[in-house]
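# Chain and residue survey
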Amino acid sequence: MSELFQEEVTWFADILLPVPIAKLFTYRVPRHLSQEVQIGSRVIVEFGRGRVLTGVVGKIHENPPQGYPAKYITEVLDPAPIVTETQLWLFQWIADYYMCAVGEVFQVALPSGLKVTSESRMEWNPNFDRPDRLEEAEQPLVQALQEKPFLTYPEAQQLVPAGQLNALLKALVAKQAIILYEEVKERYSPKKVRKLRLASVYTQVQAAMELLDQLNKHPKQQAVLHAILQEIGIHRLSDGQEGIPKADFLARHDLSKSALQTLVDKGILESYEAIIPRFPKPTQEDTSEVGLTSAQAIAYTEILGHFQEKDVVLLHGITGSGKTEVYIRLIQEVLASGAQVLFMLPEIALTTQIVTRLQKVFGTSVGVYHSKFSDNERVEVYRQVLNDELSFVVGVRSSIFLPFSRLGLIIVDEEHETSYKQFDPAPRYHARDVAIMMAHKLGAKVVLGSATPSLESYQQGLQGKYGLVSLTERYGEAKLPRIQLVDMRAERKNKTIKNDFSSVFLDQIRLNLAGGGQTLIFQNRRGYAPYIQCEVCQWIQECPRCAVSMTYHLRSQELVCHYCGHTDKPPRKCPACASSQVKTAGVGTEKIEDDLQVFFPSARIQRMDLDTTRSRHAYQTMLHEFEQGAVDILVGTQMISKGLDFDLVRLVGIFDADRMIHFPDFRAAERAFQMLTQVAGRAGRRSNEGLVLIQTKNPNHPLLKKVVEHDYLGFFDQEIQERQAFHYPPFTRVIELTIKHPDFLLAEKMAERLARALKGILGDQRVLGPEKGLIEKIRNKFIFVLWVKLEKDRAQIQLAKQSIQEQMDDVLQDRAFRQGQIIVDVDAY
Ligand SMILES: [Zn+2]
Ligand SMILES: [Zn+2]
């Protein structure tokens, strides 16, 4: 053995794998791949028996793993890393902070098109020579395999009776009649189109003109060539042709298909396949300046001023104050300096208007990262950011995982929105908080914007940790709408309520219809009725798997559980007392829609909720119709509250404010104030005559008063005192532990044991509960909840998290709780 060979180092790589195990796995780097394995590159490895996974290299080192022999990395997928070191750092930070496995972060961070799956395939063994040993039952598979090069598992399943495939495959493999293997398949597929171009011998102007003359005798062919030259532009022939998409070329010019084919056959035209980006490259930007009002200009200057010393600025701008114009100016500034910008929105589907506005200013150079986009489209945005071809991305919470390298600014619009927090599954991260972390790491600035800031952010602003900038007047001529509470107790007393509509409500809708204004009606419950109930014995239909009533949906004529999706037919008779007096109770959006149609037969009414907006474009279409004035009344859930800018809405009606306020959660008041203010803010955005009506049985409630007075600061002062008195965030951090078990008593036992252990370590006053879940049972699992409240001391929180993890592991390792589950939610919302 030569000395040189002995000195050669064996390299190992720690790989992030998309599995919920809190560690990296060490693999050995094969010599022939030692150049290609780099930090951040995707590799294929074998994990467990026969499972093939894509991972990303997190670390390269010389230390073999302890306790197990390292397997070799099978393959390297990319010539260059696709995950940056900043991203790797961020994944680990999220895993540590939100108490989850780094693999779980990795799982949500990359679009699934960048992950590779293993797929079983089967193939006929060409050397098999004992057909006499094959059984009758195996014939369908054998025949199919002899006709096709291979079968996938799902294809094979179609061919044999249910449940028999595994046994048949096992037998065929044992007889060596077939070969089973794992095909590693990349899910991303580029988008291709067929294009036409002129063969290269004719790309000189002279040659092209001569050719056109030669075709005099074939007028149809001549017409085709003429159209091609027209589209390419004759003077651009020699610049290298772009090619013309074939799809509607013939139809566009009304030309003959056979003439085109003849030109292709003669070698004059070429028909070829081209890969096209799903998002066209930047063409032309409309760099026209956005005019700012003096209030907006002051806000803009103040933001820049704060950025001299602070990394985060909270822009508190009332609804309709024109925060977007301020954002646009900031974005222009940052892009001009050569840095990247990320603009985050709570849900893009709901904010089409903002994207459209941004595209007007920034043209096609805006990348959109969107949950309703296909995975291929997301891979494309990811790659464009990675390759530095895209400087400006608008996206939902997962856009925080894009591979930015020159980030200059993150805007988190509607920063108070709960949809920035991922609830399920892990990582249960808050995208706003992660954005601040990421910006800090990359030296970028952050603007948080909202008309109703979260208490956390506003307090940071007051304490001077964030810059605080306010926009307190509405844009242009518009004034804030008048908000009026409708006392439902008085209406009930006077018997003026019709199907849950107060007389005030109905009168104002009638007036508004007559005046040609549009009305929004807000009710945060979809379906027709939240219950069906027996009028004789009060029986209510509950979901068999969850401890909640089932919602009646009239359109689909079924009962639906909104927690697990279970559906049922509504009973004709009460199953408890056999009475046929089974009626719906409560009000959902479907019922409001139907009732309004009865009250106002000629009004054009539309409903916007989860049920009517499932398809990709439904939301946009509906919004467009509403903007065009084709709809008089729009009934909707919280979907209609978010960032929508409607010119003609004069009246907003809020159905049931009480339910929001009395929700048993320490954040209920904050949520209710935000929701009511945001919905109210849709009225009167372009005129002086906005009116908002709120139906309530409790018109003296202090929170409603603050909503009526548009008094965010008053609300903040009141609420922050409560939070301080009861040691809730933002004064503490809350970690929520949810314990689930299919057996009620075991769930309770688990929760009590965990609570006891944590109280012993952290002190009684820091651990609250256990209490039964707000909904005691979901999907046949009973739920108990514990809350750990911690002072804001980083070192202490770190230690507490460690103890929580240890105690959780301890409980879960107990065989008695085998079927149990504990979910940790840090900064639970
Ligand atoms: Zn009954
Ligand atoms: Zn259910």
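Residues numbered from 1 in each chain as written. Chains lettered and ligands numbered in written order. Predicted model: local features only at pLDDT ≥ 70, side-chain atom pairs only at ≥ 80, totals over all residues. Heavy atoms only, no water.

## Digging into the overall build of the protein chain
Counting its secondary structure elements, the protein chain contains 26 helices and 33 strands. In terms of overall dimensions, the protein chain has C-alpha extents of about 85 × 75 × 70 Å along its principal axes. Burial analysis of the protein chain (829 residues in total) assigns 50% to the buried set. Of the contacts formed within the protein chain by residues at least 6 apart in sequence, a portion of 75% connects residues at least 24 apart. Roughly 39,500 Å² of accessible area belongs to the protein chain as shown, and the carbon and sulfur atoms make up 49% of that amount. (Helix = DSSP H or I, 4+ residues; strand = E, 2+ residues; numbered from the N terminus. Buried < 20%, exposed > 50% of the residue type's maximum accessible area, 1.4 Å probe, protein only. Contact = heavy atoms within 4.5 Å. Areas by Shrake-Rupley, 256 points an atom, 1.4 Å probe, with all protein chains shown as cover.)

## A short note on the nonpolar core
Counting 114 residues, the largest nonpolar core has I400, I410 and L737 as the members making the most contacts within it. Residues contacting I400, with those up to four places away along its chain left out, are L90, L342, M344, I410, Y429, V434, A435 and M438. Listed in part, the 30 residues of the second largest apolar core include I303, V368, V394 and V469. (Core = buried A, V, L, I, M, F, W, Y, C linked by side-chain atoms within 4.5 Å.)

## Remarks on the coordination of the zinc ion (ligand 1)
Only C534 (SG), C537 (SG), C574 (SG) and C577 (SG) from the protein reach the zinc ion (ligand 1) as donors, at distances of 2.2 to 2.4 Å. One can describe the site at the zinc ion (ligand 1) as tetrahedral: its four donor atoms subtend angles covering 105 to 113 degrees at the metal. Read in sequence order, the donor residues for the zinc ion (ligand 1) give the motif C-x2-C-x36-C-x2-C. (Donors = N, O, S within 2.8 Å, 3.2 Å for Na, K, Ca; no water. Tetrahedral: all angles 85-135°; square planar, octahedral: opposite > 155°, others 65-115°.)

## Quick look at the sheet that holds strand β32 (residues 781-791)
In a beta sheet, neighbouring strands are held together by backbone hydrogen bonds and run either parallel or antiparallel to one another. Pairing within the open sheet is antiparallel, and its four strands lie in the order β31-β32-β30-β33. The sheet terminates laterally at β31 (767-778) and β33 (821-826), the two strands that pair on one side only. Mean inter-strand twist for the sheet, computed between neighbouring axes without regard to direction, equals 25 degrees. Of the strand pairs in this sheet, strand β30 (residues 732-741) and β33 are connected by six bridges, and their pairing is antiparallel. Across the sheet, the residue bridging to E736 is D825, located in β33. (Pairing = 2+ DSSP bridges. Axes fitted to C-alpha atoms, helices over the stretch in contact; angles between N-to-C directions.)

## Considerations on the pairing of strand β1 (residues 12-16)
Extensive coverage of β1 is indicated by the burial of five of its five residues. Alternating positions in β1 separate into two faces, F12, D14 and L16 on one and A13 and I15 on the other, with burial throughout. Pairing geometry for β1 and strand β4 (residues 51-61), over five bridges, is antiparallel. From the neighbouring strand, F12 faces β4, where its bridge partner is H61. The pairing of β1 with strand β2 (residues 25-28) spans four bridges and is classified as antiparallel. For I15, the partnering residue across the bridge sits in β2 and is F25.

## Details of the packing of aromatic side chains
Tallied over the full model, the rule gives 23 aromatic pairs. Their ring planes at 65 degrees and their centres at 4.9 Å tell us that Y458 and F716 sit as a pair that is edge-to-face. Here F716 lies in helix α24 (residues 712-725) and Y458 lies in helix α16 (residues 455-462), a separation of 258 residues in the sequence. Each member of the pair, Y458 as well as F716, carries the same accessibility label: buried. (Phe/Tyr/Trp six-rings, centres within 6.5 Å; stacked < 30°, edge-to-face > 60°.)

## Remarks on the coordination of the zinc ion (ligand 2)
Looking at the metal site, the zinc ion (ligand 2) is ligated by C543 (SG), C546 (SG), C561 (SG) and C564 (SG), spaced 2.2 to 2.3 Å from it. For the zinc ion (ligand 2), the four donor atoms in the first shell make angles of 105 to 113 degrees at the metal, so the coordination geometry reads as tetrahedral. Here the donor residues for the zinc ion (ligand 2) map to a single chain with the spacing C-x2-C-x14-C-x2-C. Of the two residues, C543 sits in the loop between β21 (531-534) and β22 (551-553) while C564 sits in the loop between β23 (558-560) and β24 (567-568), which places them 21 residues apart along the sequence. The buried category is assigned to C564, whose relative accessible area is 11%.

## Description of the confidence of the model for the protein chain
Should pLDDT be low for a region, the predicted coordinates there are not to be read in detail. Across the protein chain, pLDDT averages 88, with 93% of residues at or above 70. Long-range and interchain partners of residues 1-6, a stretch whose pLDDT sits below 50, account for two contacts in this model, where long-range means more than four residues apart. Per-residue pLDDT stays below 50 along residues 279-287; that stretch engages in 19 contacts with residues further than four places along the chain or on separate chains. (pLDDT = per-residue confidence, 0-100.)

## Some words on the packing of helix α2 (residues 85-97) against helix α15 (residues 431-442)
Relative to each other, α2 and α15 sit at 140 degrees, their axes nearing to 11 Å. Classified by the angle their axes make, α2 and α15 are oblique. Crossing handedness for the pair α2 and α15: right-handed. Packed against α2, whose contacting residues are T86, W89, L90, W93 and I94, the element α15 presents V434, M437, M438, K441 and L442 at the interface. Class assignment of the residues belonging to the contact of α2 with α15 gives a composition of eight nonpolar, one polar and one charged. (Parallel < 35°, antiparallel > 145°, perpendicular 65-115°, else oblique. Left-handed = near helix turned anticlockwise from the far one by under 90°. Nonpolar A, V, L, I, M, F, W, Y, C, P; charged D, E, K, R; others polar.)

## Looking at unusual backbone geometry
With an omega of -10 degrees, the peptide bond between D424 and P425 qualifies as cis. Locating P425 in the fold gives a position in the loop between β16 (407-413) and α15. Despite not being glycine, Q538 shows a phi value in the positive range, around 70 degrees. Position of Q538 relative to the elements: it lies in the loop between β21 and β22. What makes Q538 partly exposed here is its relative accessible area of 48%. A positive phi is found at D827, a non-glycine position, where the angle reads about 55 degrees. With respect to the element layout, D827 can be found in the segment after β33.

## Describing the environment of Q308
Among the secondary structure elements, Q308 is positioned in the loop between α11 (294-307) and β12 (312-317). Counting along the chain gives 275 residues from Q308 to K583, while the straight-line C-alpha distance between them is 63 Å.

## Digging into the pattern of salt bridges
Applying the stated criterion across every chain yields a total of 31 salt bridges. Note that D388 is salt-bridged to R406, the shortest N-O span being 2.3 Å. Highlighted residues: D388 in the loop between α14 (375-386) and β15 (392-395) and R406 in the loop between β15 and β16, separated in sequence by 18 residues. Across the salt bridge formed by D814 and R753, the nearest N and O atoms sit 2.5 Å from each other. Of this pair, D814 sits in the loop between α26 (794-813) and β33 while R753 sits in helix α25 (residues 744-762), and the two are 61 residues apart along the sequence. Note on D814: relative accessible area 25%, which makes it partly exposed. Residue classification places R753 among the partly exposed residues on the basis of a relative accessible area of 24%. By sharing partners, the salt bridges in this structure join R555, E593, D594, R607 and D609 into a single network. (Salt bridge = Lys/Arg side-chain N within 4 Å of Asp/Glu carboxyl O.)

## A word on the packing of helix α7 (residues 205-214) against helix α8 (residues 219-232)
Relative to each other, α7 and α8 sit at 155 degrees, their axes nearing to 9 Å. By the angle between their directions, the pair α7 and α8 is classed as roughly antiparallel. The two elements α7 and α8 cross, and the hand of that crossing is left-handed. Each of A208, L211 and L212 in α7 lies in contact with α8, whose residues at this interface are Q222, L225, H226 and L229. Its residues placed into classes, the contact of α7 with α8 shows five nonpolar, two polar and no charged.

## Focus on the sheet that holds strand β26 (residues 605-608)
Taken together, the six strands give an open sheet; going across it, the order is β19-β29-β28-β20-β27-β26, and neighbouring strands pair in parallel fashion. Taken across any chain shown, the strands that pair with only one partner, and hence form the sheet edges, are β19 (482-487) and β26. Averaged over neighbouring strand pairs, the angle between their axes works out to 20 degrees when direction is ignored. Against the sheet, helix α18 (residues 503-514) touches β19, β20 (518-522), β27 (633-636), β28 (649-654) and β29 (691-696), its axis set at about 160 degrees to β28.

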